[in-house]
Every structure is written in structure tokens, then in C-alpha cells.
Amino acid sequence: MTVEKVMVVGAGQMGSGIAQVCAQAGYKVLLNDLKLEFVERGLRVINKNLTRNVDKGRLTEEQKQAVLNNLTPSIDLQDASEVDLVIEAAVENMEIKAKIFAQLDEIAPEHTILASNTSSLPITEIAAVTKRPEKVIGMHFMNPVPVMKLVEIIRGLATADEVYQVIEDMTKTLNKVPVEVNDFPGFVANRVLMPMINEAIYTLYEGVATKEAIDEVMKLGMNHPMGPLTLADFIGLDTCLYIMETLHDGFGDDKYRPCPLLRKYVKAGWLGKKTGRGFYVYE
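Reading the values: the criteria
Residues numbered from 1 in each chain as written. Predicted model: local features only at pLDDT ≥ 70, side-chain atom pairs only at ≥ 80, totals over all residues. Heavy atoms only, no water. Salt bridge = Lys/Arg side-chain N within 4 Å of Asp/Glu carboxyl O. Helix = DSSP H or I, 4+ residues; strand = E, 2+ residues; numbered from the N terminus. Buried < 20%, exposed > 50% of the residue type's maximum accessible area, 1.4 Å probe, protein only. UniProt positions renumbered as here; feature names shortened; annotations may be inferred. Patch = residues over 30% accessible without salt bridge, like charges linked within 9 Å, V, L, I, M, F, W, Y side chains within 5 Å. Areas by Shrake-Rupley, 256 points an atom, 1.4 Å probe, with all protein chains shown as cover. Lys, Arg positive; Asp, Glu negative; His and termini not counted. Charge placed at Lys NZ, Arg CZ, Asp CG, Glu CD. Disulfide = S-S within 2.5 Å. Pairing = 2+ DSSP bridges. Axes fitted to C-alpha atoms, helices over the stretch in contact; angles between N-to-C directions. Contact = heavy atoms within 4.5 Å.

1. Points about the pattern of salt bridges
Inference 1: All chains considered together, the criterion is met by 14 salt bridges.
Inference 2: Salt-bridge contacts for Arg263 lead to Glu245; the nearest nitrogen and oxygen are separated by 2.8 Å. With Arg263 in helix H11 (residues 260-267) and Glu245 in helix H10 (residues 237-251), the pair connects residues that are 18 residues apart, well separated along the chain.
Inference 3: Residue Glu245 is classed as partly exposed on the basis of its relative accessible area of 26%.
Inference 4: Within this structure, Glu88, Glu92 and Lys97 form a network of salt bridges that share partners.

2. Quick notes on the UniProt feature "domain: 3-hydroxyacyl-CoA dehydrogenase C-terminal" (unreviewed entry) in the protein
Inference 1: UniProt feature "domain: 3-hydroxyacyl-CoA dehydrogenase C-terminal" (unreviewed entry): in the numbering of this structure it lies at residues 186-282.
Inference 2: As a span, residues 186-282 carries 62% helix and 0% strand, and end to end its C-alpha atoms are 28 Å apart.

3. Topic: the environment of Asn198
Inference 1: Positionally, Asn198 belongs in helix H7 (residues 189-205).
Inference 2: Spatially, the C-alpha atoms of Asn198 and Ala11 are 28 Å apart, while their sequence positions differ by 187 residues.

4. Considering a nonpolar patch on the surface
Inference 1: Taken together, the side chains of Leu150, Val177 and Val179 present a nonpolar region at the surface, about 200 Å² in accessible area.
Inference 2: Here Val179 is to be found in strand E8 (residues 177-181).
Inference 3: Among the residues examined, Val179 registers a relative accessible area of 35% and is labelled partly exposed.

5. Points about the UniProt feature "domain: 3-hydroxyacyl-CoA dehydrogenase NAD binding" (unreviewed entry) in the protein
Inference 1: With numbering aligned to this structure, UniProt lists the feature "domain: 3-hydroxyacyl-CoA dehydrogenase NAD binding" (unreviewed entry) at residues 5-183.
Inference 2: Along residues 5-183 the backbone is 41% helical and 22% strand, and the end-to-end C-alpha distance reaches 27 Å.

6. Some thoughts on a positive patch on the surface
Inference 1: Positive charge collects at one region of the surface, where Lys48, Arg52, Lys56 and Arg58 lie side by side.
Inference 2: Among the secondary structure elements, Lys48 is positioned in helix H2 (residues 36-55).

7. Side note on the state of the cysteines
Inference 1: Counted under the stated rule, the structure contains zero disulfides.
Inference 2: Cysteine Cys240 remains unbridged, with the sulfur of Cys259 as its closest cysteine sulfur at 12 Å.
Inference 3: Judged by relative accessible area, Cys240 falls into the buried class, the value being 1%.
Inference 4: Judged by its relative accessible area of 0%, Cys259 is buried.

8. Here we look at the pairing of E8
Inference 1: Where strand E7 (residues 150-155) and E8 come together, five bridges link them in parallel fashion. Opposite Glu152, over in E8, you have Val179 as the bridge partner.

9. Digging into unusual backbone geometry
Inference 1: Cis geometry is adopted by the peptide bond preceding Pro144, which originates at Asn143 and carries an omega value of 0°.
Inference 2: With respect to the element layout, Pro144 can be found in the loop between strand E6 (136-141) and E7.
Inference 3: One non-glycine residue, Phe187, lies in the positive phi region at around 55°.
Inference 4: Along the chain, Phe187 falls in the loop between E8 and H7.
Inference 5: A positive phi angle is found at Asn223, which is not glycine, with a value near 60°.
Inference 6: Its place among the elements puts Asn223 in the loop between helix H8 (211-222) and helix H9 (228-235).

10. Describing the sheet that holds strand E3 (residues 71-74)
Inference 1: Spatially, eight strands are ordered E3-E2-E1-E4-E5-E6-E7-E8 in an open sheet, and the strand pairing comes out mixed. Looking at the sheet topology across the chains shown, the edges are occupied by E3 and E8. Averaged over all pairs of adjacent strands, the angle between their axes in this sheet comes to 25°, without regard to strand direction.
Inference 2: Here strand E1 (residues 5-9) pairs with strand E4 (residues 85-88) via four bridges, running parallel. Its bridge partner being in E4, Met7 is matched across the sheet by Val86.
Inference 3: With respect to the sheet, H2 is in contact with strand E2 (28-32) and E3, its orientation differing from that of E3 by roughly 160°.
Inference 4: Across the sheet, helix H4 (residues 94-107) lies against E1, E4, strand E5 (113-116) and E6, angled at about 170° from E5, the strand it touches most.

In C-alpha cells form, the structure reads like this:
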């Protein structure tokens, strides 16, 4: 089982990053989304990233062009009929992911592996909507994808060992470090990270310190590159809330209860950097 052609479903921040690293590793990549304008926006981001690497001397203009030549836009899931691997990077919502996987299962060839970049949802449940649960797996990339080394690889209940091995080997060709994780809500990354962010929000909510002070303590005291409230703004407060709710529902434990302040900000439409305002205000 070899992977030569990849389809990435979802051309947003994560999807375009995944498409970029796959194209850089020499894979032929279809970047798919619902509308051509979404795909074109993703391709522009990739082009900008590659141009920056050329300017810094990390890539030649020829290498940049070779990467771009490996990318093809797609607005039809039927294009999955000619790929060896699909990596879904759609919105973090079980209903939407289940619908995509059910469609891909009908379209993709029998040998095709279906992977999800979900950051918290159960792979076993996603796999259950397909007739190939043994070929469904989680590939949770970290943001920003071109920079971060880690990929959490999550086995569903039925994921075949051979499929796991193919994905682990392929991840290494992307110049990433694969780490095997079992199928529990939030996996490892978000099960540890999100409650920390949520606790930082509680600390602000209870008036223990200002947002600047909370972030400074974690940066200087724990050597984190950015404070938890700044990080929450970068991730998106709606995404943080959704993952906390997934943890809360999945474990039924109140230690995962989302902070009321987080809910309030999301209801206000203050979702962080992407909307220009979260815990901080952005231009």
C-alpha cells in the first residue's frame, strides 16, 4: 500500500498547510473545498509561505515552482476517485465530518485510506459511517502546519495495523514526527492544552490577574512561547469552546466545564484573531 496522490478536504488554515507539506514532500495533491474562491485563497496562502521561504534562502524559485506544480484545485468530492489518501480538514463538527466521510467512502477506491485532521472528535465514530473502518485513521497536525513537527496519529477501534504503518511512514516523509495516540476525547494535545487555556480564562474571569499578567506568568515562568490567552485567540475561541464541550461530553467530568467567560465571548462573536477581537484587540 503506497501513497502517491493525496486529496485534502478543506482549504482553510489547516487544510492549506497540510496540502503545502504534502506537495513539498513530492506528493500530487488535490486541494478541495466547497467553492473555488476558498481553494484559491488557500493556494494564495501556500504561495505566500513558499515565497517567504525563497526570500529567506530556504528554497530556490525552481523548488517553489515544483511544489506549486504538485497542487491542483478541486471543488468536487468525486475527485477522490483517483487518490490513495484523503486527509479531511473540514470544520470541527461531527455531523459535517460524518457526512464527508460517508460520501468519500462511496467515491474513493477500495485501497484509499481516509484520514481526519480532527483535533478532538472520536475516530471510531467517524469510521462507523463508512464500510472501511479498518482504513480510517486520525492525523492531527499542529498549527501552523508547515512549522510544527508533531502529528498525532490516532487509531480507531478497527484501524488496521498496516494502515497505521502506511500513515506513520508517510508522516515521516513530510518531515514530521508521528506519535501514536489512542482514541479518547481530545487525544493528548488538546486534552492537556485546552483545560490549561480554560483555567487561564477562569483566572481572568475570577479577577485573579489581568490578561497581560496571566500570559506573562506562563511565558516567563513556564517558558511558553506565547501566553494561553493569546494562544486561545490564535486558535479561535469558538474552536476552544467546541473542544472543551467535546471533552466535557466525552468524559462527563466537570473539570472540563467551559468557563462562562469563554461562552460569553463566543456568543458576542469575539472569536480571536480571525474576527479582530478576542481577549485582545487585533488590527
